[in-house]
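Coordinate inspection notes
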Amino acid sequence: MKAYIYKSTGSWYITKTDDGKVYNARIKGIFKIDHITSTNPLAVGDEVEIQAQNDSDDTAMITEIYSRRNNINRQSPANRLQQHIIAANLDQSLVFATLRDPRTSQGFIDRFLITCEAYHVPAIIVFNKTDLYRKKEMDKLEHFERMYTSIGYQVYPVSVKEHTGLEGLKSVLQNKTTLMSGHSGVGKSSFINSIFPDFHLKTKDVSGWSGKGMHTTTFAEMFDLPGGGRIIDTPGMREFGIIDISKQELSHYFPEMRALLPQCQFNNCIHIAEPGCAIKKALGEGLVDEERYISYLNILESMDQKY
Ligand SMILES: Nc1nc2c(ncn2[C@@H]2O[C@H](COP(=O)(O)OP(=O)(O)OP(=O)(O)O)[C@@H](O)[C@H]2O)c(=O)[nH]1
Ligand SMILES: [Mg+2]
Ligand SMILES: [Zn+2]
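Read on for a plain summary of the structure. (Residues numbered from 1 in each chain as written. Chains lettered and ligands numbered in written order. Predicted model: local features only at pLDDT ≥ 70, side-chain atom pairs only at ≥ 80, totals over all residues. Heavy atoms only, no water.)

What follows deals with the coordination of the zinc ion (ligand 3). The coordination sphere of the zinc ion (ligand 3) contains the protein donors Cys 264 (SG), Cys 269 (SG), His 271 (ND1) and Cys 277 (SG), at a distance range of 2.1 to 2.4 Å. Coordination geometry of the zinc ion (ligand 3): the four donor atoms subtend angles of 102 to 118 degrees at the metal centre, consistent with an arrangement described as tetrahedral. Spacing between the donor residues of the zinc ion (ligand 3) along the chain follows C-x4-C-x1-H-x5-C. The exposure class of Cys 269 is buried, given its relative accessible area of 5%. Residue classification places His 271 among the buried residues on the basis of a relative accessible area of 1%. (Donors = N, O, S within 2.8 Å, 3.2 Å for Na, K, Ca; no water. Tetrahedral: all angles 85-135°; square planar, octahedral: opposite > 155°, others 65-115°. Buried < 20%, exposed > 50% of the residue type's maximum accessible area, 1.4 Å probe, protein only.)

Pasting the structure below:
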């Protein structure tokens, strides 16, 4: 039987067949999925072949994995040299950010966007907790909205608490498989609960974001949406480590830089101090946002440290 993985706890997988039957499944023997060294062989969203153990219970063996349409990986927090597959077979991803309690940095958002570009998964940016924003954060929000929409990303400012901005976001989810990620405490699980009242995911209690709280969601899990489509809730991540992108390639994953690259004088230009650099020129003319360029430099520098 064909089934999708809805949750993985390491050794057990919760899988669901097309007709909605749920099986707790384990991997049969060892099968090599690909040549990369990932910490997890299967991820939420993977399509697998399962064999029910016997008719009387709900356990099954996973005997095969079908090829992935795509997947999103990041650096394993435990081992920088290994990758962790966050999810597979995605239509789009939402990066959940907040400008207060906790504050998401632009660096985090950009790293996530770059990874989505590299894996060809469309990304959407959500700024939650707008009810907490004062003048300073509202200005920042406006700036981010302008900057990101001008380079082709959709931006949704919302308050899950006050139910503002959610309708538009909800319609984006219809009939798609969407990955949700972001720092711990930004309100990912609260969002799912609020737009789909039948869901009761565990969220941080009323004390809210303490600044040092534990992750509330501990395993990635996929949910069927009432009107069709699926959404994947994930545990909050502190950092988003980019994997498998070389310094040469990095600018290809900045949409505003991508189109200009053929105009750089040198085809191995990394846009720092090379003569005839089209990116530096565009930066000077205000066609490339300075903060995005700073993000680019920061990420480039972090790649230096890695190799
Ligand atoms: N003020 C305010 N608080 C919110 C909003 N959305 C969520 N919260 C609160 O933020 C806290 C964290 O929410 P969660 O939904 O548990 O966050 P999460 O992103 O799922 O966190 P992890 O599971 O740890 O990754 C909870 O106390 C929520 O009530 C909002 O729009 N405004
Ligand atoms: Mg959560
Ligand atoms: Zn250049």
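Running from N to C, helix α3 (residues 166-173) and helix α4 (residues 188-195) point in directions that differ by 90 degrees, and their axes come no closer than 11 Å. Judged by the inter-axis angle, α3 sits roughly perpendicular to α4. Between α3, through Leu 166, Leu 169, Lys 170 and Leu 173, and α4, the contact on the second element is made entirely by Phe 191, Ser 194 and Ile 195. (Axes fitted to C-alpha atoms, helices over the stretch in contact; angles between N-to-C directions. Helix = DSSP H or I, 4+ residues; strand = E, 2+ residues; numbered from the N terminus. Parallel < 35°, antiparallel > 145°, perpendicular 65-115°, else oblique. Contact = heavy atoms within 4.5 Å.)

Surveying the vicinity of ligand 1 reveals 24 residues, the closest of which are Asp 131, Ser 184, Ser 190, Thr 217 and Gly 236. In the environment of ligand 1, an oxygen atom lies 3.1 Å from a nitrogen or oxygen atom belonging to the side chain of Asn 128. Between Ser 190 and ligand 1, the recorded distance is 2.5 Å, taken from a side-chain N or O atom to an oxygen atom. With the chains in place, 91% of the 660 Å² that ligand 1 exposes on its own is no longer accessible. At three residues, α4 tops the list of elements feeding residues into the shell around ligand 1. Residue composition of the shell around ligand 1, by class: four nonpolar, 14 polar and six charged. (Near = heavy atom within 4 Å. Polar contact = N/O pair within 3.5 Å; in protein donor to acceptor, adjacent residues only side chain to side chain. Areas by Shrake-Rupley, 256 points an atom, 1.4 Å probe, with all protein chains shown as cover. Nonpolar A, V, L, I, M, F, W, Y, C, P; charged D, E, K, R; others polar.)

Moving on: the coordination of the magnesium ion (ligand 2). The magnesium ion (ligand 2) binds to the protein through Ser 189 (OG) and Thr 217 (OG1); the donor distances cover 2.0 to 2.2 Å. Here Ser 189, found in helix α4, pairs with Thr 217, found in the loop between α4 and β12 (221-224); they are 28 residues apart in sequence, far enough to count as distant. Residues Ser 189 and Thr 217 agree in their burial class; the two are buried.

We now examine the pattern of salt bridges. For the structure on display, the rule yields 13 salt bridges. Notably, a salt bridge pairs Asp 224 with Lys 16, separated by 2.5 Å at the nearest N-O pair. Here Lys 16 lies in strand β2 (residues 13-17) and Asp 224 lies in strand β12, a separation of 208 residues in the sequence. A relative accessible area of 29% places Asp 224 in the partly exposed class. With a shortest N-O distance of 2.7 Å, Lys 135 and Asp 139 are connected by a salt bridge. A residue pair is termed a helical-turn pair when its members lie 3 or 4 positions apart in one helix, as Lys 135 and Asp 139 do in helix α2 (residues 135-150) at four residues. Judged by its relative accessible area of 59%, Lys 135 is exposed. (Salt bridge = Lys/Arg side-chain N within 4 Å of Asp/Glu carboxyl O.)

Bringing the side chain of Lys 188 into the picture now. With respect to the helices and strands, Lys 188 occurs in helix α4. For the buried Lys 188, which has no salt bridge, the nearest side chain bearing the opposite charge is Asp 233, at an N-O separation of 5.6 Å. Engagement of the side chain of Lys 188 in a polar contact is seen with the backbone oxygen of Gly 182, the distance being 3.3 Å. Apart from the residues lying within four places of it in its own chain, the contact partners of Lys 188 are Phe 96, Met 180, Ser 181, Gly 182, His 183, Asp 233, Thr 234, Pro 235 and Gly 236. (Lys, Arg positive; Asp, Glu negative; His and termini not counted.)

Okay, α3 next. Every buried residue belonging to α3 is among Leu 166, Leu 169, Val 172 and Leu 173, and all of these are buried. Down the axis of α3, the buried side of the element spans an arc of 120 degrees, and every buried residue falls inside it. Phi turns positive one or two residues past the end of α3, at Asn 175, with a value near 60 degrees. (Arc of directions from axis to C-beta.)

Before going further, it helps to spend a moment on α4. Burial runs high along α4: six of the eight residues are buried. Restricting attention to buried positions, one finds in α4 the residues Lys 188, Ser 189, Phe 191, Ile 192, Asn 193 and Ile 195. Looking at the buried positions of α4, the neighbouring elements they touch are β8 (92-98), α3, β11 (177-182), β12 and β13 (230-233).

Moving on, we come to the packing of helix α1 (residues 106-118) against α2. Between α1 and α2, the least distance of the axes is 13 Å, while the angle of their chain directions is 20 degrees. Taken together, the axes of α1 and α2 are roughly parallel relative to one another. Taken as a pair, α1 and α2 cross one another with a handedness that is right-handed. Here Gln 106, Ile 109, Asp 110 and Leu 113 of α1 come into contact with α2, specifically with Phe 144, Met 147 and Tyr 148. For the contact of α1 with α2, the residue count by class is five nonpolar, one polar and one charged. (Left-handed = near helix turned anticlockwise from the far one by under 90°.)

Right, let's talk about the environment of Ser 190 for a bit. Note that Ser 190 resides in helix α4. Counting along the chain gives 104 residues from Ser 190 to Ile 86, while the straight-line C-alpha distance between them is 20 Å. Among all residues touching Ser 190, those that are not within four sequence positions of it are Val 160 and Thr 203.

Purely spatial values, then, with no claim about function.
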